[in-house]
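What follows is each chain in one-letter form.
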Amino acid sequence: MVIDFSSFHDFPREVEKLLDDVARFHDAGYRHSAYPEINIAEDDQNYYVEIRIPGVDPKELDLTLTDKSLVIRGERPAAEGRYLRNERGSGSFQRILSLNVPVDRDKVRASGADGIMQVVLPKADSVRPRKITITAQDSKAIEV
Amino acid sequence: MNKNAATNDAAPRRVVPASDILEREEGFHILLDVPGVARDGISIEVEENELTVRGSYARDETGGARLVHREFGGVEYARSFTLTDMVDRENIAATLNHGVLDLFLPRAAAAKPRRIEVSG
């Protein structure tokens, strides 16, 4: 026999590994555009910013609100010991979100659990949509 | 966006979480990034010499707020590790801290350095 089948010995597992790799690279294409990843949602009252930041204590995350932006700053600590594999990465990061609407700075709240932070930015009164009630006056048809 | 893509977007994506493996004096640590997974949302199984971690993070997107920018969504994490004989499988411990799972794999007694006394 000339052909060596030995590399197929673990074939099912190899296939699974390949699929895992594909899943990982798929994920890699999805992120790494900016770090940390964020989601932004809004309703009439607030903006909601979600920050995915595993390994960082919410108390250590530095959120700074300036006139026109929200600055997210922090550091992912490196672990102690001899690294046999290192994929997670560590070090400091910063991301700036531009806010194009005035925010009520005093009422900004932030909370977090399990590596995901939530920041609620209440919209300033001046930009909240306001319903204008039309009080109907007795109208008169215009005679032409 | 077509309808198909929209449904794919809502389904949790399968992700292999990034991991670090560290060697320390008392044993090995595997660190995995699993943001969003709560303690009861994680399962760790050891079968023969394979350790498998699974976890899921489901996002509640039915709330009233309108999503205007999205970089992450619901995720299903899964990753396996092959254990060597150096690991004491009975005493593996796990802690979850700020979305990072820390698996501690103590060294097996046989793998620890042993001092042999000279007798006689």
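Residues numbered from 1 in each chain as written. Chains lettered and ligands numbered in written order. Predicted model: local features only at pLDDT ≥ 70, side-chain atom pairs only at ≥ 80, totals over all residues. Heavy atoms only, no water.

(A) Representation of the confidence of the model for chain B. With 88% of its residues at a pLDDT of at least 70, chain B reaches an overall mean of 85. Between residues 1-8 of chain B, whose pLDDT stays under 50, and residues either more than four places distant or in other chains, the model counts 1 contact. (pLDDT = per-residue confidence, 0-100. Contact = heavy atoms within 4.5 Å.)

(B) Representation of the interface of chain B and chain A. In this assembly, 40 residues from chain B lie in contact with 41 residues from chain A. Where chain B abuts chain A, roughly 3700 Å² becomes buried across the two surfaces, and 48% of that area is made up of carbon and sulfur atoms. By the criterion of area lost to chain A, the three top residues of chain B are Glu71, Phe72 and His98 of chain B, representing 21% of everything that side buries. For the pair chain B and chain A, the interface holds 7 salt bridges. Between Glu71 of chain B and Arg95 of chain A there is a salt bridge, with the nearest N and O atoms lying 2.7 Å from each other. In terms of residue count, strand E2 (residues 19-24) of chain B provides more of the side of chain B that touches chain A than any other element does, 6 residues in total. A class-by-class count of the residues in the side of chain B that touches chain A yields 21 nonpolar, 7 polar and 12 charged. Here strand E1 (residues 37-42) of chain A runs beside strand E6 (residues 66-69) of chain B; their pairing, made up of 3 bridges, is antiparallel. In the sheet register, Ile40 of chain A faces E6 of chain B, and the bridge partner there is His69 of chain B. (Buried area = accessible area lost by both parts, 1.4 Å probe. Salt bridge = Lys/Arg side-chain N within 4 Å of Asp/Glu carboxyl O. Helix = DSSP H or I, 4+ residues; strand = E, 2+ residues; numbered from the N terminus. Nonpolar A, V, L, I, M, F, W, Y, C, P; charged D, E, K, R; others polar. Pairing = 2+ DSSP bridges.)

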